[in-house]
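Descriptive analysis of the structure
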Amino acid sequence: MNERSTSSTAEPSDRERIVRAVLDESRPSLRRDRGDCELVEIEGIKIMVRLTGACMLCKLAGTTLAAIQARLIERLGEFVRLIPLPGAAKVGP
């Protein structure tokens, strides 16, 4: 039997659930401004997202991402880096 040692960090499935919940909480205000933020990938402490719509060119996107990152750090109880990826979101299969 291979058990992981317990630590203060959340398990990967819990981490993804928390990340998605924080993005979902931010989504209404982003959509009011005709934008959005999608989760692309979680790799260790790096959380890759893609800004879409008006958020892609917004001068306040950095401030928005910093606020989301602060919420993620608070909710996860560990430091994470929110990394915006370039390009529009993929649509369809």
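All of these numbers come straight from a predicted model, not from anything done at the bench.

It is worth spelling out the overall build of the protein chain at this point. Summing up its helical and strand segments, the protein chain has 2 helices and 3 strands in all. Order of helices (α) and strands (β) in the protein chain, N terminus to C terminus: α-β-β-α-β. Looking at the 93 residues of the protein chain, the share that counts as buried comes to 31%. A fraction of 49% describes how many contacts in the protein chain between residues 6 or more apart in sequence connect residues 24 or more apart.

Here the structure, examined in full by the defined rule, presents 7 salt bridges. Glutamate 78 is the salt-bridge partner of arginine 15, the closest N and O atoms lying 3.2 Å from each other. Taken together, the residues span a long stretch of sequence, with arginine 15 in helix 1 (residues 12-32) and glutamate 78 in the loop between helix 2 (61-76) and strand 3 (81-85) at a distance of 63 residues. On the basis of relative accessibility, which here comes to 11%, the residue arginine 15 falls in the buried class. Judged by its relative accessible area of 15%, glutamate 78 falls in the buried class.

Looking now at unusual backbone geometry. Positive phi, close to 65°, is recorded for arginine 34, a residue that is not glycine. Mapped onto the secondary structure, arginine 34 falls in the loop between helix 1 and strand 1 (35-43). For arginine 34, a relative accessible area of 67% translates into the label exposed.

Rules and cut-offs
- Residues numbered from 1 in each chain as written.
- Predicted model: local features only at pLDDT ≥ 70, side-chain atom pairs only at ≥ 80, totals over all residues.
- Heavy atoms only, no water.
- Helix = DSSP H or I, 4+ residues; strand = E, 2+ residues; numbered from the N terminus.
- Buried < 20%, exposed > 50% of the residue type's maximum accessible area, 1.4 Å probe, protein only.
- Contact = heavy atoms within 4.5 Å.
- Salt bridge = Lys/Arg side-chain N within 4 Å of Asp/Glu carboxyl O.

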